Amino acid sequence: MVRIRGDEKVLILGIESSCDETSCALVKNGREVLSNEIYTQIPIHVEYGGVVPEIASRNHLIKISDVVDNALKKADCQLEDVDAIAVTKGPGLVGALLVGLNYAKALSYALKKPLIAVNHLKGHLLSPLLSYPDLEPPYMALVVSGGNSYLAICHDYDEIEVVGASRDDALGEAYDKVARTLGFEYPGGPKIDKAAKQGDGKAIDFPRVYLEPDSLDFSFSGIKTAVLNYINSQKQKGLEINKDDVAASFQEAVLEVLVNKSIRACQKHNMDKLVVSGGVAANSRLRGLFNKETAQNNIAIYYPAFEYCTDNAAMIASAAFYVDKLNNEDSLRLNANPALSL
Ligand code: KG4
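This text gives an overview of the structure that appears in the document. If you're wondering where the values come from, they're calculated on a predicted model, not measured in any experiment.

Reading the values: the criteria
- Residues numbered from 1 in each chain as written.
- Predicted model: local features only at pLDDT ≥ 70, side-chain atom pairs only at ≥ 80, totals over all residues.
- Heavy atoms only, no water.
- Core = buried A, V, L, I, M, F, W, Y, C linked by side-chain atoms within 4.5 Å.
- Buried < 20%, exposed > 50% of the residue type's maximum accessible area, 1.4 Å probe, protein only.
- Helix = DSSP H or I, 4+ residues; strand = E, 2+ residues; numbered from the N terminus.
- Axes fitted to C-alpha atoms, helices over the stretch in contact; angles between N-to-C directions.
- Parallel < 35°, antiparallel > 145°, perpendicular 65-115°, else oblique.
- Contact = heavy atoms within 4.5 Å.
- Polar contact = N/O pair within 3.5 Å; in protein donor to acceptor, adjacent residues only side chain to side chain.
- Near = heavy atom within 4 Å.
- Areas by Shrake-Rupley, 256 points an atom, 1.4 Å probe, with all protein chains shown as cover.
- Nonpolar A, V, L, I, M, F, W, Y, C, P; charged D, E, K, R; others polar.
- Disulfide = S-S within 2.5 Å.
- Pairing = 2+ DSSP bridges.
- Right-handed = clockwise from strand over helix to strand, strands pointing away.
- Salt bridge = Lys/Arg side-chain N within 4 Å of Asp/Glu carboxyl O.

### Concerning the nonpolar core
Next up, step 1: By size, the foremost hydrophobic cluster in this structure holds 51 residues, and its most contacted members are Met140, Phe206, Phe250, Leu258, Val276 and Phe290.
Next up, step 2: When residues of this core are traced back to their parent elements, those giving at least two are strand S6 (139–144), strand S7 (149–156), helix H5 (171–181), helix H6 (188–197), helix H7 (221–236), helix H8 (243–268), strand S9 (273–277) and helix H9 (284–296).
Next up, step 3: Grouped together as the second largest cluster of nonpolar side chains are 35 residues, Ala84, Leu125, Leu129 and Val323 included.

This is the structure we're talking about:
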């Protein structure tokens, strides 16, 4: 845990720029969010059907100063009040990461404040701490975002053990690919969520991929092919495609596996708390299924507030508070790591 001024409150300015959100937050003692500014580039990338890395980097550069200024203003803080600068070092798009990283390095150098590099996945994993003041490790964590899907035991704030992961596509990626097949705009996850509410989840029997009997890993890449095959076969037969039914049936297939494996992971590792975070944790059907199954298995369930589900700097500033080694000594040599794992 960061100990900068004894027992006084520690104020961390966090910067996140790993994909298509430019974000800056001010967080006190890892839990109290004073501001969390997020500028999303989604409207810019919609016309390309996904994030274009070069465009993302350029827009981070254009926006980052304003986002940091606004975060300071909303928190009613000056740069001099900040005790440390936290920044996402990976995983993500390298050009996008470098914008935030270099901005953070410059702040750290100019202000002579420590720089704390944060793993983006760890930010997601600890993000429910921002919504539940009494939540403490140990807990089982499921991170389901656009780039990653992990099951990990959070033994302590800085002691994480991965027990399962996707072997191919991340769950958010599967949502986005299936959505594109159905002609929904990027990002597809929220559109599938909405369409599925009007659909019949039992209409189409898409495969449930469990892998080996004891495995806590996932595989989501086959489902998009299954959806594509279904759509093509319907078209060949001259039959109509009910997009709501496809969306609902796709969700049932992936979420059944996700929920069952997460419950199994808790039972296998004797965990009675399950944290579900990352962009897909905003999904309403996911929350409904997890609420039901965890209640039946005496597991307490925690989700971050919606604003902390998708990429945000508050979770980065919070995670930085719990990093017990300051990276100040190598701050100016710090590099982005686009393929960083947990
Ligand atoms: O956590 P995030 O912002 O990105 C990464 O850090 O990778 O998550 C973005 C992902 C996208 O794939 C998006 O489609 C998905 O989260 N997502 C959803 C929902 N809201 C966002 N997926 C399903 N249902 C939602 N309501």
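### Topic: the packing of H6 against H8
Next up, step 1: It is at 7 Å that the axes of H6 and H8 come closest, and there the two elements cross at 110 degrees. Considering their axes alone, H6 and H8 lie roughly perpendicular with respect to each other. Taken together, the residues of H8 that come into contact with H6 (itself represented by Ile192, Asp193, Ala195 and Ala196) are Asp244, Ala247, Ala248, Phe250 and Gln251.

### Quick look at the side chain of Ser318
Next up, step 1: By the element assignment, Ser318 lies in helix H10 (residues 314–321).
Next up, step 2: Here Ser318 falls in the buried class, since its relative accessible area comes to 0%.
Next up, step 3: Looking at Ser318, its side chain comes within polar contact range of the main-chain oxygen of Gly30, at 2.7 Å.
Next up, step 4: When neighbours within four sequence positions are excluded, Ser318 is seen to be in contact with Val27, Gly30 and Leu130.

### Looking at the environment of Val51
Next up, step 1: Within the fold, Val51 resides in the loop between helix H1 (42–45) and helix H2 (53–75).
Next up, step 2: Assessed through its relative accessible area of 23%, Val51 is described here as partly exposed.
Next up, step 3: Those residues within four positions of Val51 in sequence are excluded, and the remaining contacts are Cys19, Asp20, His45, Ala56, Leu93 and Tyr186.

### Some points on the site of the ligand
Next up, step 1: Near the ligand lie 20 residues; those nearest to it are Gly146, Asp176, Asp193, Asn283 and Asp311.
Next up, step 2: The separation between an oxygen atom of the ligand and a polar main-chain atom of Gly146 is 2.9 Å.
Next up, step 3: Surface burial for the ligand is 89%, taken as the share of its 560 Å² of free accessible area covered by protein chains.
Next up, step 4: The set of elements that each furnish at least two residues to the shell around the ligand consists of helix H4 (120–126), H5 and H6.
Next up, step 5: In terms of residue class, the shell around the ligand is built from 6 nonpolar, 11 polar and 3 charged.

### Some points on the state of the cysteines
Next up, step 1: Counting across every chain of the model gives 0 disulfides.
Next up, step 2: Free of any disulfide, Cys19 has its nearest neighbouring cysteine sulfur in Cys309, separated by 16 Å.
Next up, step 3: The buried category is assigned to Cys309, whose relative accessible area is 0%.

### What to know about the sheet that holds S9
Next up, step 1: Pairing in this open sheet of 5 strands is mixed, and the strands run S8-S7-S6-S9-S10 from one edge to the other. At either end of the open sheet lies a strand with only one pairing partner, and these are strand S8 (159–165) and strand S10 (300–302). The mean angle between the axes of side-by-side strands here comes to 25 degrees, regardless of whether they run parallel or antiparallel.
Next up, step 2: Pairing between S9 and S10: 3 bridges, direction parallel. Bridge pairing in S10 places Leu274 opposite Ile301.
Next up, step 3: H8 contacts S6, S7 and S9 of the sheet and is inclined by roughly 155 degrees relative to S6.
Next up, step 4: Most of the contacts of H9 go to S9, to which it runs at about 175 degrees, and overall it touches S6, S9 and S10.

### Quick word on the pairing of strand S5 (residues 115–119)
Next up, step 1: A large share of S5 lies buried, amounting to 5 of its 5 residues.
Next up, step 2: Of the strand pairs in this sheet, strand S4 (residues 84–90) and S5 are connected by 5 bridges, and their pairing is parallel. For Ile85, the partnering residue across the bridge sits in S5 and is Leu115.
Next up, step 3: For the crossover that starts at S4, traverses helix H3 (residues 94–111) and ends in the parallel S5, the hand is right-handed.

### Comments concerning the pairing of strand S1 (residues 11–16)
Next up, step 1: Within S1, 6 of the 6 residues are buried, which leaves it mostly tucked inside the rest of the structure.
Next up, step 2: A two-sided burial pattern is seen for S1, the buried positions comprising Leu11, Leu13 and Ile15 on one face and Ile12, Gly14 and Glu16 on the other.
Next up, step 3: In the sheet, S1 pairs with strand S2 (residues 21–28) via 6 bridges, with the strands oriented antiparallel. Across the sheet, the residue bridging to Ile15 is Cys24, located in S2.
Next up, step 4: Between S1 and S2, which follow one another and run antiparallel, lie 4 residues.

### A look at the pattern of salt bridges
Next up, step 1: Enumeration according to the criterion identifies 13 salt bridges in this entry.
Next up, step 2: As a salt-bridge pair, Arg208 and Asp205 come within 3.6 Å of each other at their nearest N and O atoms.
Next up, step 3: Note on Asp205: relative accessible area 70%, which makes it exposed.
Next up, step 4: Residues participating in the shared-partner salt-bridge network are Asp169, Glu173, Lys177 and Lys224.

By themselves these figures say nothing about function.
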